[in-house]
Amino acid sequence: MSTAELPKRHYLNANYNVWSWLLTTDHKRIAILYMISLTFFFFVGGVAAILFRLELMTPQGDLVISETYNRLFTLHGVVMVFFFLIPSIPAVLGNFLLPMMIGARDLAFPKLNLLSWYLFMAGGLLAIAAIIGGGVDTGWTFYTPYSTTYANSQVMAMALGIFVAGFSSILTGLNFIVTTHTMRAPGMTWFRMPLFVWGQYATSIIFVLGTPVLAITLALIALERGLGIGIFDPRLGGDPLLFQHLFWFYSHPAVYIMVLPTMAVISEIVPCFARKRIFGYRFVAFSSVAIAVLSFLVWGHHMFVSGQSLYAGLVFSFFSMLVAVPSAIKVFNWTATLYKGSISLDTPMLYALGFIGLFTIGGLTGVFLATTAIDVHVHDTYFIVAHFHYIMVGGAVMGYLGGIHFWWPKMTGRMYPEMWGRVSAVIIFIGFNLTFFPQFILGYLGMPRRYHVYAEEFQVLNVMSSAGASILGFGYLIPLVYLLWSLKYGRIAGPNPWGAKGLEWMTPSPPPTFNFDETPIVTEEAYAYPPLSDEPLPDDFLSDVPVADEQREPLRS
Amino acid sequence: MSTANTHVAHHYDDAEQQFDAARLGMWIFLATEVMFFGGMFTGYTTCRFMYPAAFAEGSSHMQLLAGTLNTAVLLLSSLTMALAVRSVQVNRPAVAVRLLMVTLVLGFVFLGIKGYEYATKFAEHHVPGAAFSLGEAHNPAVNPQHVELFFAFYFLLTGFHALHMLIGVTIVAIVAVQTWRGQFSSAYFTPLEITGLYWHFVDIVWVFLFPLLYLIH
Ligand code: HEM
Ligand SMILES: [Cu+2]
């Protein structure tokens, strides 16, 4: 391995000056821009969370006043949802990998891709400035009439920020759909595409069909505030429930924007580290599309106690349970892929296994919530908070980190330190569960969300949760340190350190600017790992030794 | 390199792939537009359902003649747009330029009539806000506040539509100049084609707005 070297020319060293980054149209560089920005936003949202978890250590409001507390959870929710989780995997890993996985030189519209990053940054910075500088305390859901009549006027600036960033989502989704349809390499049929691409495709459907509805909802809020047009104002004959319908019509699908791309990452990691073909390829592929479609039919489950009609509640309850079916199909298929696989527990796999377990808990509690009678009891309690954090943090953030570790060698050409990777994955898992499991109990016992003063008897569980949050926060810092360290000192990875299948592994790491020296021709299906019995594996298989170039299966075998 | 190939960006294999991508991209963009207007239509439908009489009253204050005229103007402009694309496809750019000019003029006529309608509404105090007054109601039983809601939707929907028209005439003007400079031929006319798609879309939105706002009493 001493002979290993980075390729001489690749996308990172093609050009060095600042403008070559800020005006780049290379999808890989844009992915890196997104990665840096998202890390920043994640940090901002995280600081807010640490602050309010500190406040919640005691039942009294002794660290911050209610006003500040409300601003903190608004900051946290808005930043984490709109400026971290929604773009996370599509904008970083999707941007970087989607063209490579289908054998294209770039996305279909590289300039729109760059524009999407600028829109995202403009929107994000504006929203943060509005919340921190002006103070917005509506929560990430900005329900009317609070947001239109009573909250302070910075709501407009925040809404504008989210509105602008929405167009970045739309452009990303549009780009992905068009690229998948028109840019596939010869031989790359729909059913040979990696499941990652299917997942991004399904997510993109939600991006393009859902985000415009958020845009018009935000525009209406702004008009309502500015001109008092009255559509959501009952005093003028408007209907505040209409706002909730429009908001959740986008925001429920948006939760699947967060989890579908994660599922897509898991579908890549599991076969690679189990050395097996994915079980039920078509089921996994179509379940992504099924989730995307069904996700548009369930929004009313956020409104069971809002006064919507009983029949609407029943229908939404039914569809919500239905959406659990394709989600479960995926879990079963990953599990079946693991069965009798040759499993190695490297960092990406640890994250993937963590995802499967935590997503299952999050998804099953979702089914509890979809049962109207239970929801009446736990609506707007910490039970809800625990439910969605199991999916969004236990699921989506874990999947994001898993994916970052899995493709880190491809993006940078170097390996991260495996031992540290495993340690931090375990710390994150423990910290996560300690933070959020007590919240299920708190919510079930009746502690409402979004208050900073609570009854004495809830203190023990709250202290547990805050303790967990500090472990979790610490866990997130470790990768930040060693990933940066590895940029200079990490071992040279070589083109395919995991012995994985897929076109992205056929090109040097880091890849050249146009990804492939020659357009690849695809002749086999995805995940064509050889049947296990034919391949005697060395003991230390994969864990430490990068597979040398010659040992790789040639694409055209 | 042949003339067609000079338009192919580096990451495409050939002109056909690039054309397909651009056209699909436009269709998807139009899908997002459908959802954008869909949100407003949903709001309109909800409120109309709550206050049918007030909304009928609101409709009766529309200027039917102006609306009908505008419908005709837009439909005609869609025809000239389609013919312009067709002319370039059969390599008659000079005809195409003239047709695009007609499209442009029709677009401005539409906006002019719309502006006239808005001005009348201002004069009649039909703009929602502090100065709103219904004046003489055809149906005295309705709550003027609910009629105001109708007018809010009227300005919202037609306002966003007019904004799309403004963007539309700008783009049509640009492609008209490009056509006049001879940039398009049967080998390459992607910008013209997708401008056409956009124009027809804006037209279709109006085809929905017209009956919803002017015709249902
Ligand atoms: C397996 C299917 C799922 C079902 C049946 C389900 C069901 C529900 C229900 C009924 C609620 C409303 C509870 C209430 O407010 O009283 C809810 C809230 C929520 N769910 Fe899920 N869920 C599922 C999956 C997900 C996923 C995948 C995510 C995120 C990636 C997610 C994120 C959320 C969020 C963010 C909220 C709370 C929003 C808020 O009020 O702030 N859910 N879920
Ligand atoms: Cu939901």
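Residues numbered from 1 in each chain as written. Chains lettered and ligands numbered in written order. Predicted model: local features only at pLDDT ≥ 70, side-chain atom pairs only at ≥ 80, totals over all residues. Heavy atoms only, no water.

Another aspect to go through is the packing of aromatic side chains. This model, assessed by the stated rule, comprises 65 aromatic pairs over all chains. With a centroid separation of 6.1 Å and an interplanar angle of 65°, the aromatic rings of phenylalanine 52 of chain A and tyrosine 69 of chain A are classed as edge-to-face. Of this pair, phenylalanine 52 of chain A sits in helix H2 (residues 27-55) while tyrosine 69 of chain A is found in helix H3 (residues 66-85), placing the two residues 17 residues apart along the sequence. Phenylalanine 52 of chain A gets classed as buried once you look at its relative accessible area, which sits at 12%. Feature note: the residues Phe82, Trp140, Phe142, Tyr143, Phe232, Phe243, Phe247 and Trp248 of chain A constitute an aromatic cluster, connected by ring pairs. Seen from the ring of phenylalanine 191 of chain A, arginine 282 of chain A lies directly overhead, with NZ or CZ sitting 3.7 Å from the centre. The residue whose ring lies beneath lysine 121 of chain B is tyrosine 154 of chain B, and the NZ or CZ to ring-centre distance is 5.7 Å. (Phe/Tyr/Trp six-rings, centres within 6.5 Å; stacked < 30°, edge-to-face > 60°. Helix = DSSP H or I, 4+ residues; strand = E, 2+ residues; numbered from the N terminus. Buried < 20%, exposed > 50% of the residue type's maximum accessible area, 1.4 Å probe, protein only. Lys NZ or Arg CZ within 6 Å of the ring centre and 35° of its normal.)

Residue and element names in this part refer to chain A. Phe82 and Leu93 are the most contacted members of the largest nonpolar core, which has 249 residues in total. No other element matches the 23 residues that helix H9 (residues 240-274) contributes to this core. For phenylalanine 82, the contacting residues outside a window of four places in its chain are Gly77, Pro87, Phe120, Trp140, Phe142, Ile162, Leu214 and Tyr250. (Core = buried A, V, L, I, M, F, W, Y, C linked by side-chain atoms within 4.5 Å. Contact = heavy atoms within 4.5 Å.)

Predicted coordinates in regions of low pLDDT should not be interpreted in detail. For chain B, the mean per-residue pLDDT works out to 92, and 97% of the residues sit at or above 70. When the criterion is pLDDT under 50, residues 1-5 of chain B qualifies, and its contacts beyond four places in sequence or with other chains add up to two contacts. (pLDDT = per-residue confidence, 0-100.)

With that out of the way, let us pick up the site of ligand 1. Residue and element names in this part refer to chain A. Among the 22 residues in the neighbourhood of ligand 1, the closest are listed as Val255, Asp375, His379, His387 and Arg449. Between ligand 1 and the protein, one listed contact pairs an oxygen atom with a side-chain N or O atom of tryptophan 140 at 3.1 Å. Taking histidine 379, its side chain carries an N or O atom lying 2.5 Å from an oxygen atom of ligand 1. For the shell around ligand 1, the secondary structure elements donating two or more residues are H9, helix H11 (310-338), helix H12 (347-370) and helix H14 (382-412). When grouped by side-chain class, the residues that make up the shell around ligand 1 number 13 nonpolar, seven polar and two charged. (Near = heavy atom within 4 Å. Polar contact = N/O pair within 3.5 Å; in protein donor to acceptor, adjacent residues only side chain to side chain. Nonpolar A, V, L, I, M, F, W, Y, C, P; charged D, E, K, R; others polar.)

Residues and elements named next belong to chain A. Together, Phe43, Val47, Ile50, Leu51, Leu54, Met57, Leu63 and Val463 give the surface a local cluster of nonpolar side chains, amounting to about 650 Å² of exposed area. The residue leucine 54 is located in helix H2 in this model. The class of leucine 54 is partly exposed, set by a relative accessible area of 47%. (Patch = residues over 30% accessible without salt bridge, like charges linked within 9 Å, V, L, I, M, F, W, Y side chains within 5 Å. Areas by Shrake-Rupley, 256 points an atom, 1.4 Å probe, with all protein chains shown as cover. Salt bridge = Lys/Arg side-chain N within 4 Å of Asp/Glu carboxyl O.)

Once that is clear, we can look at the coordination of the iron atom of ligand 1. All names here are of chain A. When only protein atoms are considered, the iron atom of ligand 1 has one donor, His387 (NE2), at a distance of 2.1 Å. The copper ion (ligand 2) is placed at 4.4 Å from the iron atom of ligand 1. Position of histidine 387 among the secondary structure elements: in helix H14. (Donors = N, O, S within 2.8 Å, 3.2 Å for Na, K, Ca; no water.)

This part is about the coordination of the copper ion (ligand 2). Looking at the copper ion (ligand 2), the protein donor atoms are His252 of chain A (ND1), His301 of chain A (NE2) and His302 of chain A (NE2), and they sit 1.8 to 2.0 Å from it. If you list the donors of the copper ion (ligand 2) from N- to C-terminus, the spacing comes out as H-x48-H-H.

This brings us to the interface of chain B and chain A. A common measure of how large an interface is: the accessible area buried when the components associate. Contacts between chain B and chain A engage 29 residues on the former and 34 residues on the latter. Between chain B and chain A, the buried area comes to about 2600 Å², and carbon and sulfur atoms account for 75% of it. If you look at where chain B meets chain A, you find one salt bridge. Its salt-bridge partner being arginine 105 of chain A, residue aspartate 13 of chain B comes within 3.0 Å of it at the nearest N-O pair. (Buried area = accessible area lost by both parts, 1.4 Å probe.)

Packed helices, taken two at a time, are described by the angle their axes make and the gap between the axes. Residues and elements named next belong to chain A. Interhelical geometry of helix H4 (residues 88-101) versus helix H8 (residues 195-227) gives an angle of 130° and a closest axis separation of 10 Å. Judged by the angle between their axes, H4 and H8 are oblique. Handedness of the crossing formed by H4 with H8: left-handed. Only Phe196, Val197, Gln200, Thr203 and Phe207 of H8 make contact with H4, whose side of the interface consists of Ile89, Pro90, Leu93, Gly94, Leu97, Leu98 and Met101. Its residues assigned to classes, the contact of H4 with H8 comprises nine nonpolar, three polar and no charged. (Axes fitted to C-alpha atoms, helices over the stretch in contact; angles between N-to-C directions. Parallel < 35°, antiparallel > 145°, perpendicular 65-115°, else oblique. Left-handed = near helix turned anticlockwise from the far one by under 90°.)

Bringing the pattern of salt bridges into the picture now. Residue and element names in this part refer to chain A. Scanning the entire structure with this criterion turns up 11 salt bridges over all chains. Residue glutamate 525 pairs with arginine 277 through a salt bridge whose shortest N-O separation is 3.3 Å. With glutamate 525 in the segment after helix H16 (459-489) and arginine 277 in the loop between H9 and helix H10 (281-294), this residue pair connects regions lying 248 residues apart in the sequence. Exposure remark for glutamate 525: the relative accessible area of 45% places this residue in the partly exposed category. Residue classification places arginine 277 among the partly exposed residues on the basis of a relative accessible area of 39%.

Once that is clear, we can look at the side chain of threonine 148 of chain A. All names here are of chain A. Within the secondary structure, threonine 148 is located in helix H6 (residues 146-150). Within the structure, the side chain of threonine 148 is placed 3.2 Å from the backbone oxygen of proline 145, a separation counted as a polar contact. Setting aside chain neighbours within four positions, we find threonine 148 in contact with Ile221, Glu224 and Arg225.

Residue and element names in this part refer to chain A. For H3, built from 20 residues, the straight-helix expectation of 28 Å at 1.5 Å per residue is met to within 8% by its first-to-last C-alpha distance of 27 Å. The sharpest bend along H3 measures roughly 30° and falls at valine 79. Counting buried positions along H3 gives 15 out of 20 residues, so the element sits mostly inside the fold. (Expected span 1.5 Å × (residues − 1). Bend = angle between axes of the 7 residues up to and from the residue.)

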